[in-house]
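# Working through the structure, step by step
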2 protein chains.
Amino acid sequence: MPKYKDIARKLIRKIDSDDMKQGDKLASIEELMKYFDVGKNTIIQVLTLLERQGYIYQVRGSGNFVRKHRRHGYINLLEANGFKSTLQGFRLGSEMLDLKVIKPTTEVMANLDIPEDEDVYYVKRLRSIEGRKFAIEKSFYVKDIVPYLNQEIVEDSIFRYLIEDLKLKPGFTDHFFRVGKLNKENAELLNLKIGDPTAFLESIYYLENGRPFDYSKILYHYEEAQFFIQGASNTEF
Amino acid sequence: MPKYKDIARKLIRKIDSDDMKQGDKLASIEELMKYFDVGKNTIIQVLTLLERQGYIYQVRGSGNFVRKHRRHGYINLLEANGFKSTLQGFRLGSEMLDLKVIKPTTEVMANLDIPEDEDVYYVKRLRSIEGRKFAIEKSFYVKDIVPYLNQEIVEDSIFRYLIEDLKLKPGFTDHFFRVGKLNKENAELLNLKIGDPTAFLESIYYLENGRPFDYSKILYHYEEAQFFIQGASNTEF
DNA sequence: CGGAATTTGTGCGTATGTATT
DNA sequence: GAATACATACGCACAAATTCC
């Protein structure tokens, strides 16, 4: 592991600990250089990374300060897998409703950028949080990249399987978000009424090399799901 | 303007042009160094910035490739001001419903991190797109930072006024997102029915120095609003 | 298939500019 | 105005991944 990632992890652990709160000042670049025994560039690289991940904000001439969001139970849409760290501490469940290999629809072809004869895994899951119905998820995986799935994997964590077992490297993601009304089928699955609100999230996950491998459509229970998005410093363009 | 920002803008113009599409390869770092007559670090800095902004993805040993989303009419939640570039080309309107200086509620105090006796501007606007009702926005500005607002400013663009006239420098942003049902008052404003779905977005805008200056709550018309969020490469943590 | 060439990634040292304290 | 701290930028060396032959 490169030095800057190692240092970043250590600083993140420090920031996440109870020692630090919003607005606290980090050690100066000079001090961090000495402490970790690395060059200035490396520290700058670390701080740039932390800023981009939303852990700190940088103020020129002044210092680097902790950024700590104070709301819990929100899904952080900027983390690789939609159901991660911000929901830590909650009991999550996954019930498999369907799992099969199919040929892609036009919609799936377009979003995964594949031809019509390419096989895809179709997975439908009912997700729960603390035992309550939380979301209906329909996912499509390019079989060429994800050659095998079974019930055990699907009810545990597909992403963990992809990363740890298949050694895939997810890169970036596109999320598309809308609000709508539930139809009969989905309302019944979520124990809601027809016409009740729902958050509809479409996500396309790409590997590091830019190839899309997962297209997912999620309908959230409107009373259970809430989302969090951190915008970094843009300055123009 | 620093070299890396200047180069970034030029590359973004190039990428946004019709010449380039998703997956196209940029010139190599070596070539960019020669073309712009700068050092390698500067080019790397440019590419890191473009990657973070979602314009490109980087593949080690291979090259840098254009990332171009193909959906229009979506609001990009990662851009400083919620109603920017992705809605370019649409006719946007702002009708002022209320504008006054008030003392903060507990909620506003907490989100803007101010004491109870600090004055805030309260602005309520009805926003439209292509003449259709689009969203109801209630915003709170710290008067100490934004000392003056009037109807003209509020019905044009508050952010443009803050940046260009007040010379404020917005830094980062926190967005919180939920789905809910409309009450009578808001349903009437949006020409919808009581109980219809709505997207509810709370945003806190901070200056570069980390001080919050704007807390906004927006209720979107569920048939008009759709959102776009680009996740960058995270790789672990 | 293997090795060479290409391309990007990490890291050091240094100098100078700019904003804050 | 001086001291401190972060920002930009150059040049160099070597590592790691991909691509080409």
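Residues numbered from 1 in each chain as written. Chains lettered and ligands numbered in written order. Predicted model: local features only at pLDDT ≥ 70, side-chain atom pairs only at ≥ 80, totals over all residues. Heavy atoms only, no water.

### Observations concerning the overall build of chain A
The condition that has to hold: Helix and strand assignments follow DSSP, with helices taken as H or I runs no shorter than four residues and strands as E runs no shorter than two, numbered in order from the N terminus. Accessible area is worked out with a 1.4 Å probe on protein chains only. A residue is then buried under 20% of its type maximum, exposed over 50%, and partly exposed in between. Residue contacts follow a heavy-atom distance rule, with two residues in contact if any of their heavy atoms lie within 4.5 Å. Computed with the Shrake-Rupley method and a 1.4 Å probe, the accessible areas treat only the protein chains shown as cover for residues. The charged-residue count follows a simple rule in which Lys and Arg add positive charge and Asp and Glu add negative charge, with His and chain termini not counted at all. Where a charge sits is defined by one atom per residue type, namely NZ (Lys), CZ (Arg), CG (Asp) or CD (Glu).
Check the secondary structure of chain A and you find seven helices and 10 strands. Based on the C-alpha atoms only, the size of chain A along its principal axes is roughly 60 × 40 × 40 Å. A buried classification covers 54% of the 237 residues belonging to chain A. If you take every contact in chain A between residues at least 6 apart in sequence, the share linking residues at least 24 apart comes to 59%. Carbon and sulfur atoms make up 47% of the accessible area of chain A, which totals about 11,500 Å². Averaging the locations of the 36 positively and 36 negatively charged side chains of chain A gives two centres separated by 5 Å.

### Focus: the relation of the copies chain A and chain B
Cut-off, in case you're wondering: Least-squares superposition aligns the copies on the C-alpha atoms of those residues with pLDDT at or above 70 in both.
Rotating chain A by 180 degrees and moving it 0.0 Å along the rotation axis overlays it on chain B with an RMSD of 0.0 Å. As the rotation angle and translation indicate, the two copies are arranged about a two-fold axis. In terms of proximity to the rotation axis, the leading residue of chain A is Pro-197 of chain A, whose C-alpha is 2.4 Å off the axis. With an isologous cut-off of 70% or more, the 97% of interface residues of chain A that recur at the interface of chain B puts this contact in the isologous class.

### Observations regarding helix α3 (residues 40-52) of chain A
An α-helical turn contains 3.6 residues, so any two residues separated by three or four positions project in the same direction. Filter applied, for reference: Expected helix span is taken as 1.5 Å per residue step, with the number of steps being one fewer than the number of residues.
Between its terminal C-alpha atoms α3 of chain A stretches 18 Å, which fits the 18 Å expected from 13 residues at 1.5 Å a residue. Where α3 of chain A is buried, its residues meet α1 (3-16), α2 (29-36), β1 (56-59) and β2 (63-66) of chain A together with α3 (40-52) of chain B. Positive backbone phi, at 85 degrees, marks Gly-54 of chain A, one or two positions downstream of α3 of chain A.

### Structural notes on the protein's contact with DNA strand C
Which entries qualify depends on this criterion: Nearness here has a simple test: a residue counts as near a molecule or strand if at least one of its heavy atoms is within 4 Å of that partner. Contacts described as polar in this section are N or O atom pairs within 3.5 Å, which, within protein, must combine one atom able to donate a hydrogen with one able to accept it, while residues neighboring in sequence count only if both atoms come from side chains.
Near DNA strand C there are 22 residues, and of these Lys-3, Tyr-4, Asn-41 and Thr-42 of chain A together with Lys-40 of chain B occur at the shortest range. Among all atoms of DNA strand C positioned within 4 Å of the protein, those belonging to sugar or phosphate total 77%. Side-chain polar atom of Asn-41 of chain A to a base nitrogen of DNA strand C: 2.4 Å apart, as the coordinates give it. In the environment of DNA strand C, a phosphate oxygen lies 2.9 Å from a nitrogen or oxygen atom belonging to the backbone of Ile-29 of chain B. Listing elements by their share of the surface near DNA strand C, those giving two or more residues are α1 and α3 of chain A together with α3, β1 (56-59) and β2 (63-66) of chain B. Tallying contributions element by element places α3 of chain A first for the surface near DNA strand C, with three residues.

### Here's the deal with the UniProt feature "domain: HTH gntR-type" (unreviewed entry) in chain A
This is how it is decided: UniProt positions are given in the numbering used here, feature names are shortened, and annotations may be inferred rather than shown by experiment.
As recorded in UniProt, the sites labelled "domain: HTH gntR-type" (unreviewed entry) are residues 1-69 of chain A. Secondary structure over residues 1-69 of chain A splits into 51% helix and 12% strand, and the C-alpha atoms at its two ends are 28 Å apart.

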